[in-house]
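Survey of secondary and tertiary structure
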2 protein chains.
Amino acid sequence: MKRDSRLSITLHALLHMAERQIITSDELAACLSTNPVVVRRTMAGLREAGLVRSEKGHGGGWSLARDLATVSLADVHEALGEAAFFAIGNRTESPGCLVEQAVNAAMDGALRDAEALLLERLRGISLADLSEDFQRRMALRHQNMKESNYGG
Amino acid sequence: MKRDSRLSITLHALLHMAERQIITSDELAACLSTNPVVVRRTMAGLREAGLVRSEKGHGGGWSLARDLATVSLADVHEALGEAAFFAIGNRTESPGCLVEQAVNAAMDGALRDAEALLLERLRGISLADLSEDFQRRMALRHQNMKESNYGG
DNA sequence: CATCATGTAACACGATAAGTTACATGAAAC
DNA sequence: GTTTCATGTAACTTATCGTGTTACATGATG
């Protein structure tokens, strides 16, 4: 487990959900090459945040609760519990040592700036943007397949 | 172990080193509230990068090999092996799924920008800057102690 | 009521930073 | 040259956390 990929996994799941209207945890797990329990566990926060709905029983599964255009990647990150962005950080939060205080102040400043930029970027991308990009890639693939058919 | 604090630890150690000319792993470990072996292990990369020197035997220990002003926090990070900055990331690096490709592209873009900013910030701070900040804090503390003596 | 799907707890696994012990290597002091 | 001090490094342990997996409860549909 190198990095926390829950945001990545969740976005992947949400886009598949958008393509299917409703989709079960098992189907999503197959799409994501993971386990249905992981899907449910990860998606729990999104349900609480009102981003998705879940239905039990026959014909049940997951569906989107909001328009793709109104949900940013930052919203998804927040719904997941605002996991830490950075793998690096200070050793002690409020050290008595003045040297360490100076180090922490510098590190915190740099990390704060980087985090602000990252959040700004995530806020600027909506699920609709991702879906559009996906559609573009799909159109491109079909075009390439056609060309290769004509060529061969 | 929540986060990788090697950069923080190392900067702390380097500033103490600057105050002392030469200092042993045991003394550093005491300053940092850690283990001398951790100090040696962490500092190994800095020695290879030519940022510090180490001497064995009587009167031995660690000393700075370069002027504080010529070493940036990015240099230290690099000497430590360029540990990953981010705790989040994509699940698969080169997925076949077009949905995941779209997700990855968006995430990579945001992370790349944030990493670039972070590196720029780290490049912009030298060990001399940290040392200055430390001196400022120390002067301030002495001033406050004086004031509280006069007051009481 | 049988089936299907989510909800959740409980446990195992893998990776990694950090702490610790043990011992080898080398330099200075006596 | 032997003792002492300090680094160099391997090996093992611990703690944490994302992820995978099993098992079972809950609830909805037919």
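The structure presented is a predicted model; accordingly, all values stated were derived computationally and were not measured. (Residues numbered from 1 in each chain as written. Chains lettered and ligands numbered in written order. Predicted model: local features only at pLDDT ≥ 70, side-chain atom pairs only at ≥ 80, totals over all residues. Heavy atoms only, no water.)

1. Observations regarding the side chain of A:Asp4
Within the secondary structure layout, A:Asp4 lies in the segment before α1 (6–20). Separated by 2.8 Å, the side chains of A:Asp4 and A:Arg6 make a polar contact. For A:Asp4, the contacting residues outside a window of four places in its chain are A:Ala83, B:Ala87, B:Ile88 and B:Gly89. (Helix = DSSP H or I, 4+ residues; strand = E, 2+ residues; numbered from the N terminus. Polar contact = N/O pair within 3.5 Å; in protein donor to acceptor, adjacent residues only side chain to side chain. Contact = heavy atoms within 4.5 Å.)

2. Some points on the packing of helix α5 (residues 98–123) of chain A against helix α1 (residues 6–20) of chain B
For the pair α5(A) and α1(B), the least separation of the axes is 9 Å and the interaxial angle reads 135 degrees. Taken as axis vectors, α5(A) and α1(B) run oblique relative to one another. Handedness of the α5(A)/α1(B) crossing: right-handed. Contact residues: α5(A) offers A:Val99, A:Glu100, A:Val103, A:Asn104 and A:Met107, while α1(B) offers B:Leu7, B:Ser8, B:Leu11, B:His12, B:Leu15 and B:His16. Of the residues that constitute the contact of α5(A) with α1(B), the class distribution is 6 nonpolar, 4 polar and 1 charged. (Axes fitted to C-alpha atoms, helices over the stretch in contact; angles between N-to-C directions. Parallel < 35°, antiparallel > 145°, perpendicular 65-115°, else oblique. Left-handed = near helix turned anticlockwise from the far one by under 90°. Nonpolar A, V, L, I, M, F, W, Y, C, P; charged D, E, K, R; others polar.)

3. Structural notes on the packing of aromatic side chains
The final tally for this structure, using the stated rule, is 1 aromatic pair over all chains. On the numbers, 5.4 Å between centres and 25 degrees between planes, the contact of A:Phe86 with B:Phe86 is stacked. Taken together, the residues span two chains, with A:Phe86 in the loop between α4 (73–79) and α5 and B:Phe86 in the loop between α4 (73–79) and α5 (98–123). (Phe/Tyr/Trp six-rings, centres within 6.5 Å; stacked < 30°, edge-to-face > 60°.)

4. Some details on the relation of the copies chain A and chain B
Once chain A has been moved 0.0 Å along the axis and rotated by 180 degrees, it coincides with chain B to within an RMSD of 0.1 Å. Such a combination of rotation and displacement between the chain copies is what one expects of a two-fold axis. Most of the interface of chain A is mirrored in chain B: 100% of its interface residues are interface residues there too. (Least-squares fit on C-alpha atoms with pLDDT ≥ 70 in both.)

5. Observations concerning the interface of chain A and chain B
Tallying the contact residues gives 49 residues for chain A and 49 residues for chain B. Taken together, the two surfaces of chain A and chain B that pack against each other cover about 4600 Å², and 69% of this comes from carbon and sulfur. For the pair chain A and chain B, the interface holds 2 salt bridges. Of the charged contacts in the structure, one is a salt bridge between A:Asp113 and B:Arg121, with a shortest N-O distance of 2.6 Å. Inspection of the region where chain A meets chain B yields 16 residue pairs in polar contact (both at pLDDT 80 or more). For the side of chain A that touches chain B, the elements supplying multiple residues, two or more each, are α1, α5 and α6 (127–151) of chain A. The element best represented in the side of chain A that touches chain B is α5(A), accounting for 18 residues. For the side of chain A that touches chain B, the class distribution of residues is 29 nonpolar, 11 polar and 9 charged. (Buried area = accessible area lost by both parts, 1.4 Å probe. Salt bridge = Lys/Arg side-chain N within 4 Å of Asp/Glu carboxyl O.)

6. Considerations on the protein's contact with DNA strand D
Around DNA strand D sit 28 residues in total, of which A:Ser5, A:Thr34, A:Arg41, B:Arg40 and B:Arg47 are the nearest. Looking at DNA strand D alone, sugar and phosphate atoms form 60% of those within 4 Å of the protein. The separation between a phosphate oxygen of DNA strand D and a polar side-chain atom of B:Arg47 is 2.5 Å. The separation between a phosphate oxygen of DNA strand D and a polar side-chain atom of B:Trp62 is 3.4 Å. Among the secondary structure elements, those contributing two or more residues to the surface near DNA strand D are α3 (36–48) of chain A together with α3 (36–48), β1 (52–55) and β2 (61–64) of chain B. Of all the elements, α3(B) adds the most residues to the surface near DNA strand D, at 4 residues. Classifying every residue of the surface near DNA strand D gives 6 nonpolar, 11 polar and 11 charged. (Near = heavy atom within 4 Å.)

7. Digging into helix α2 (residues 25–32) of chain A
Residue and element names in this part refer to chain A. Taken residue by residue, α2 has Ser25, Leu28, Ala29 and Leu32 as its buried positions. One side of α2 holds all its buried residues, which, seen down the axis, span an arc of 100 degrees. Looking at the packing, one finds that the buried side of α2 touches α1, α3 and β2 (61–64). (Buried < 20%, exposed > 50% of the residue type's maximum accessible area, 1.4 Å probe, protein only. Arc of directions from axis to C-beta.)

8. Digging into unusual backbone geometry
Positive phi, normally seen in glycine, also occurs at A:Glu82, with a value near 50 degrees. Looking at the secondary structure, you find A:Glu82 in the loop between α4 and α5.

9. Considering the pattern of salt bridges
All names here are of chain B. With the rule as written, the count across this model stands at 16 salt bridges over all chains. In this structure, glutamate 120 engages arginine 121 in a salt bridge whose closest nitrogen and oxygen atoms are separated by 3.9 Å. The class of glutamate 120 is partly exposed, set by a relative accessible area of 47%. Classification of arginine 121 by relative accessible area gives partly exposed; the value is 31%.

10. Quick look at the side chain of B:Ser8
Its location among the elements puts B:Ser8 in helix α1. Residue classification places B:Ser8 among the buried positions, given a relative accessible area of 2%.

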